[in-house]
Amino acid sequence: MGISISNISKSYKNVKALQDISFEVKPNELFGLIGPDGAGKTTLFRILTTLLFPDHGTATVAGFDVVGDYKEIRKNVGYMPGRFSLYQDLTVEENLNFFATIFGTTIDENYDLIKDIYVQIEPFKDRRAGKLSGGMKQKLALSCALIHKPKVLFLDEPTTGVDPVSRKEFWEMLKRLQQKGITILVSTPYMDEAALCDRVALIQDGRILQIDTPKAIVKHYPKPIYNVRSDNMYQLITNLKDYEFNHSVYPFGEFVHYTDSRTDFNPTELQHYLESKNLKNIEIHETDATIEDTFMELAK
Amino acid sequence: MKRFIGFIKKEFYHIFRDRRSLFILFGMPIAQILLFGFAITNEINNVDIAILDHSKDNTTEEIINKIAASKYFSIKQMITREADIASVFQKGQVKAVLNFEKDFSKNLIKDHKATIQVITDATDPNTANTITNYINAILQQYQKELNKDIIIAYQILPQTRMVYNPELKSVYMFVPGVMTIILMLVSAMMTSISITREKELGTMEILLVSPLRPFQVIIGKVVPYIFLSIINAVVIVMLSIFIFNMPVQGSLILLGLESVLFIITSLALGILISTISATQQTAMMISLMGLMLPVILLSGFIFPISSMPMPLQIISNIIPAKWFIIILKAIMLKGVGMQFIWKETLILLGMTVFFIALSVKKYKIRLE
Amino acid sequence: MRFPLSWEMNMQNNNVIQVEGLTKMFGDFTAVDAITFDVKKGEIFGFLGANGAGKTTAIKMLIGISNPTSGKATVAGFDVLTNPNDIKRNIGYMSQRFALYDDLTVKENITFFGGIYGLSRKRIKEKSEALIKELGLENVASQLVGSLPLGWKQKLSFSVALIHDPKIVFLDEPTGAVDPITRRQFWEMIYKAANQDTTVFVTTHYMDEAEYCDRVSIMVDGKIEALDTPMKLKEQFQAESMNDVFLKLARG
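The rules behind these values
Residues numbered from 1 in each chain as written. Chains lettered and ligands numbered in written order. Predicted model: local features only at pLDDT ≥ 70, side-chain atom pairs only at ≥ 80, totals over all residues. Heavy atoms only, no water. UniProt positions renumbered as here; feature names shortened; annotations may be inferred. Helix = DSSP H or I, 4+ residues; strand = E, 2+ residues; numbered from the N terminus. Buried < 20%, exposed > 50% of the residue type's maximum accessible area, 1.4 Å probe, protein only. Areas by Shrake-Rupley, 256 points an atom, 1.4 Å probe, with all protein chains shown as cover. Expected span 1.5 Å × (residues − 1). Contact = heavy atoms within 4.5 Å. Core = buried A, V, L, I, M, F, W, Y, C linked by side-chain atoms within 4.5 Å. Salt bridge = Lys/Arg side-chain N within 4 Å of Asp/Glu carboxyl O. Polar contact = N/O pair within 3.5 Å; in protein donor to acceptor, adjacent residues only side chain to side chain. Nonpolar A, V, L, I, M, F, W, Y, C, P; charged D, E, K, R; others polar. Domains from an automatic or database assignment. Buried area = accessible area lost by both parts, 1.4 Å probe. Pairing = 2+ DSSP bridges. Axes fitted to C-alpha atoms, helices over the stretch in contact; angles between N-to-C directions. pLDDT = per-residue confidence, 0-100.

The name that an unreviewed UniProt entry assigns to chain B is ABC transporter permease, with the source organism given as Gelidibacter maritimus. Regarding chain B, the relevant UniProt record gives this comment under Subcellular location (unreviewed entry): "Cell membrane". What UniProt states about chain B under its Sequence similarities (unreviewed entry) heading is, verbatim, "Belongs to the ABC-2 integral membrane protein family."

Looking at an unreviewed UniProt entry, chain A carries the name ABC transporter ATP-binding protein, with the source organism given as Gelidibacter maritimus. Word for word, the UniProt comment on chain A under Sequence similarities (unreviewed entry) is "Belongs to the ABC transporter superfamily."

Asker: Give a description of the overall build of chain B that names residues and reports values.
Answerer: Looking only at helices and strands, chain B features 15 helices and four strands. Per-residue burial for chain B yields a buried fraction of 46% across its 368 residues. Surface summary for chain B: the accessible area is close to 18900 Å², and the carbon and sulfur share equals 64%.

Asker: Any chance you could break down helix α6 (residues 150-161) of chain C for me, citing the residues and the numbers?
Answerer: Residues and elements named next belong to chain C. Helix length check: α6, at twelve residues, gives a terminal C-alpha distance of 16 Å against a target of 16 Å (1.5 Å per residue), a fit within 8%. Of all twelve residues in α6, ten are buried, a share of seventy percent or more. Turning to α6, its buried residues number three or more, namely Gly151, Lys153, Gln154, Lys155, Leu156, Ser157, Phe158, Ser159, Val160 and Ala161. Taken together, the buried residues of α6 touch β6 (91-95), α4 (106-116), α5 (121-135), β7 (168-172) and α7 (180-195).

Asker: Residue-level account of the nonpolar core, with values.
Answerer: Ranked by size, the top nonpolar core spans 149 residues in total, and within it Leu48, Val61, Leu142, Phe154 and Leu177 of chain A carry the most contacts. In terms of residue count, helix α8 (residues 171-201) of chain B provides more of this core than any other element does, 15 residues in total. Each residue touching Leu177 of chain A, except ones within four places of it in the same chain, is listed here: Leu113, Ile117, Leu142, Leu146, Leu153, Ile182 and Ile184 of chain A. Ranked by size, the runner-up nonpolar core spans 52 residues in total, among them Leu171, Ala193, Val202 and Leu247 of chain C.

Asker: Could you give me a rundown of the interface of chain B and chain A, with the residues and numbers involved?
Answerer: At the junction of the two partners, chain B supplies 26 residues and chain A supplies 33 residues. For the pair chain B and chain A, the interface holds two salt bridges. Residue Arg46 of chain A pairs with Glu205 of chain B through a salt bridge whose shortest N-O separation is 2.8 Å. The tally of links between chain B and chain A comes to eleven residue pairs in polar contact (both at pLDDT 80 or more). Of all the elements in the fold, those that place two or more residues in the side of chain B that touches chain A are α1 (2-17), α8 and α9 (203-208) of chain B. When grouped by side-chain class, the residues that make up the side of chain B that touches chain A number eleven nonpolar, five polar and ten charged.

Asker: Kindly report on the domain arrangement of chain A, identifying the contributing residues and their values.
Answerer: Residue and element names in this part refer to chain A. What the domain assignment reports for chain A is domain 1 (3-218) and domain 2 (222-298). For domain 1 versus domain 2, the distance between C-alpha centres works out to 38 Å. In this assembly, 13 residues from domain 1 lie in contact with seven residues from domain 2. Carbon and sulfur atoms make up 82% of the surface buried where domain 1 meets domain 2, a total of about 850 Å² over both sides. Its largest share of buried area at the contact with domain 2, domain 1 owes to Met191, Leu209 and Val218, together 59% of the area lost on that side. The tally of links from domain 1 across to domain 2 stands at zero salt bridges. Connecting domain 1 to domain 2 are zero residue pairs in polar contact (both at pLDDT 80 or more). Broken down by secondary-structure element, the contributors of at least two residues to the side of domain 1 that touches domain 2 are β9 (199-204), β10 (207-212) and α7 (214-219). Class assignment for the residues of the side of domain 1 that touches domain 2 results in ten nonpolar, three polar and no charged.

Asker: Which residues make up unusual backbone geometry, and what are the values?
Answerer: Residues other than glycine predominantly adopt negative phi, and peptide bonds predominantly adopt the trans conformation. The backbone of Asn28 of chain A shows a phi angle near 65 degrees, a positive value even though the residue is not glycine. Relative to the assigned elements, Asn28 of chain A resides in the loop between β2 (15-25) and β3 (30-34).

Asker: So what's going on with the sheet that holds strand β2 (residues 73-79) of chain B? Residues and values would help.
Answerer: Residue and element names in this part refer to chain B. With respect to topology, four strands assemble into an open sheet ordered β2-β1-β3-β4, the strand pairing being mixed. With partners counted over all chains shown, the strands left at the sheet margins are β2 and β4 (116-120), one partner each. Neighbour to neighbour, the strand axes of the sheet diverge by 25 degrees on average, direction disregarded. Relative to β4, strand β3 (residues 96-100) runs antiparallel, the two sharing five bridges. Its bridge partner lying in β4, Leu98 is registered against Val118. Along the sheet, helix α3 (residues 58-69) contacts β1 (47-53), β2, β3 and β4; its crossing angle with β2, the most-contacted strand, is approximately 140 degrees.

Asker: Tell me about the pattern of salt bridges, and please be specific about residues and values.
Answerer: Residues and elements named next belong to chain A. Counting across every chain of the model gives 38 salt bridges over all chains. Glu254 is paired through a salt bridge with Arg229; the nearest N and O atoms lie 3.7 Å apart. One end of the pair, Glu254, is in the loop between β12 (246-252) and β13 (255-260); the other, Arg229, is in strand β11 (residues 225-229), with 25 residues separating them in the sequence. Take Glu254 and Arg229: they sit in the same class, and that class is buried.

Asker: Go over the domain arrangement of chain B with me, naming the residues and quoting the values.
Answerer: Each assigned domain of chain B is listed here: domain 1 (15-40 + 169-362) and domain 2 (47-146). Inter-centroid distance (C-alpha atoms) of domain 1 of chain B to domain 2 of chain B is 46 Å.

Asker: Outline the UniProt feature "transmembrane region" (unreviewed entry) in chain B, supporting the account with residue identities and numerical values.
Answerer: All names here are of chain B. If you check UniProt for "transmembrane region" (unreviewed entry), the listed places come out as residues 21-40, 171-195, 222-244, 250-273, 285-305 and 340-360 in our numbering. Summarising residues 222-244: 91% helix, 0% strand, and an end-to-end C-alpha distance of 32 Å. Taken as a whole, residues 250-273 contains 92% helix and 0% strand, while its terminal C-alpha atoms sit 34 Å from one another.

Asker: An account of the confidence of the model for chain B is requested, with residue identities and associated values reported.
Answerer: All names here are of chain B. For chain B, per-residue confidence averages 81 on the pLDDT scale, and residues scoring 70 or more make up 89% of the total. For chain B, the element scoring lowest by mean pLDDT is helix α7 (residues 158-163), at 31; helix α11 (residues 252-276) scores highest, at 91. For the stretch residues 153-168, pLDDT sits under 50, and the model shows eleven contacts to residues farther than four places along the chain or on other chains.

Asker: Any details on the environment of Val97 of chain B? Residues and values, ideally.
Answerer: Residues and elements named next belong to chain B. Following the sequence through the fold, Val97 ends up in strand β3. On the basis of relative accessibility, which here comes to 0%, the residue Val97 falls in the buried class. Sequence-wise, Val97 and Met78 are 19 residues apart; in three dimensions their C-alpha atoms are separated by 9.5 Å. Among all residues touching Val97, those that are not within four sequence positions of it are Ala50, Ile79, Ile85, Val88, Phe89, Gln117, Val118 and Ile119.

Asker: Pulling in residues and values, what's your account of the sheet that holds β10 of chain A?
Answerer: Residues and elements named next belong to chain A. The six strands lie next to each other as β6-β7-β8-β3-β9-β10, forming an open sheet whose pairing is mixed. Whereas interior strands pair on both sides, the edge strands pair on one side only; in this sheet they are β6 (77-80) and β10. The sheet shows a mean angle of 15 degrees between the axes of neighbouring strands, direction not considered. Here five bridges tie β9 to β10, and the two strands are oriented antiparallel to one another. Residue Ile203 lies in a different strand from β10, and its bridge partner there is Ile208. Contacts between helix α6 (residues 164-179) and the sheet are confined to β3, β6, β7 (152-156) and β8 (183-188), with β8 contributing the most and set at about 160 degrees to the helix. Across the face of the sheet, helix α10 (residues 291-299) comes into contact with β3, β9 and β10 while running at roughly 40 degrees to β9.

The structure is reproduced here in structure tokens:
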């Protein structure tokens, strides 16, 4: 009941949207596809949900081929496209009812599955979907995608445009759905959400950079990373970039993440260099790599 | 079947919750019919004219009185010099000037011939033309009365009188055209917009990734508009019968059936438009430019096809509206039955089958 | 608030934005509830809040397109109530939704935006050349903006927002979902602008963007519930990240 993708490629005119993508999503896995806008996430989702043909390669979803068995797939998957595709002029309840009807089911029949999510928006069930907040739209769209009890759930950027509280709740909901035996493929441009998946694939420019568990991915990071800060961020970045031994210099919140090209790097040396550039309140200490660091290192 | 009914129910929610489309659906037919019926008309009423009478005799006085007595003209000014003609036009006070020659009565009796110059403001050529024709009609009427007592060799041409018969209401000519436009607009534009809206919202993606078959989606989109268009057709016919006292000569059942055929033609066109446009805006533009303009300009609704240049006459044949207008006029005004319009009906039917086949072929079960 | 020492001094000339008791009511609903804060010259100020917290309403008042119900605010030294037009001349604005015209070329966009801010033709030409060179867009200067990658567009629209050397630039969710490297390049541009004394006012509801700001205010239901440096806020709320700070605030 998982997903299997082998050597999928897809181009639009002269843009290579996907280049030789292969990976497996195990049954009942919560799998994240992490990458920025334009990385090819939506194209891959559309191929897997039978909306687009791949140029090359094959893929199966819940055991069905995405080209040959498209009708079976359409019965067995739930799909939540980006931008919460709902009928804005229909109420919450009417939207849900409509999607239940076209899948040949009713709200009552599968209420168990969506109950957790739907109770949160039920007080607003007579409100038009267009008048809901981002978080509520997201919950309604998820309910609609689940109403026919799909075996595999595709969620394309479900947390884009949603506030942190709703984002957190949404991931908690996904965890609960996973426990009910649903295989979930979710895409997101936010690197910090990678940690919430069982496994992730990092994708950029139509290529997979790496696939592994979030913990293993950061362990692949080849160098020690140092958090550096001072009283003047702009000068700090400029000076670090001018430093002849730098391997990478990236602003990272209040700090700059610095890696050195030498194996025997001594932070004190860097400290002296920065002091010589008249920077004050310099702090340098080692820190753990994040998914984002890994992503940038791989994409470099 | 339950899926299908659910789908149609949803379509009706969309229609009734969108005030704009509701207005287009039900406000437009009424507004258009009233507009064409009352405002845009070939009839004239109380047109201001000036008179320059060089003879001031009995005959001219009688003619002037006749003109003044008609409801079409009101005499605004009597002028005395040729030079004033230009100035009254320039001031925009009158639309026409009647210039009676000197010794009008005398000439008429002596030579059986007298001249009136009718000068009209041709900035609006249609009105100018109509005014000239109306004045001619009045003059001929007068001439006829004069000739009653005298035995004379020739008669006034009766044709002229018929064509410019003041009783002929232009609204009768407009109803078939307006009905065609409305049915086209509602059916083609509204369906194409409602399909492209789902594309824009992204809900089309979900519908595609569902067990609903493509033809179910299409028919589900179309059925509500068939109903609404039929209601519109009925409203238009009722308005023309009860407000403009337009007699429908032919069979109402035939009229209804032909209308349903044309509605289906337009819906097929609407679906075709939606398959080639990605946004509501494009669908609207294509509907307006690609459908409305040809219907107005090339269908014979406003400009007679016979007076168009040859290439346009040929093009007009591929416009479904042309055939529907011929059918409507035949049924409504001439009161003929199927035996006279089977050819047009067949052409329309052929077009419908073609458009449906084409749009089913073009409608994709996938996104590309 | 928290900066008793510098307050007096800042009051005089160093604050480019000064807001006191700013309130906006829509009927009975208080969208912005007596907010008070100030932003220093060259500061990167994060203005955070969930959707519907009142951020947009507050900013509309600050850029002079909406009148406050009560309270006072000066932006770039001008009163929002009496001199909104002077404010508009002294600020730049970049939104994620609308930034540049996709159907104009890079050069045409720069020329257009330079033109609406009243730059002379000569100045536009200089600016345009400098800007294209700085962003490395020489090869695509005559291409339509629509054909550029998202990251390039964002960098270009930030530069365009700065074309008339505004005192303050307002950024609405500037870095969204671009790739992490482009995002850093974007922040480097922001740091550079701030280093040249341009104040940067960032609104966002993505908390990791907040980590980059000098100071951050968090709006909840029309009120500013927290205002400090990211580090101090994290200490105050005993949170690991700004995201956690926000979650703790929002959950009361």
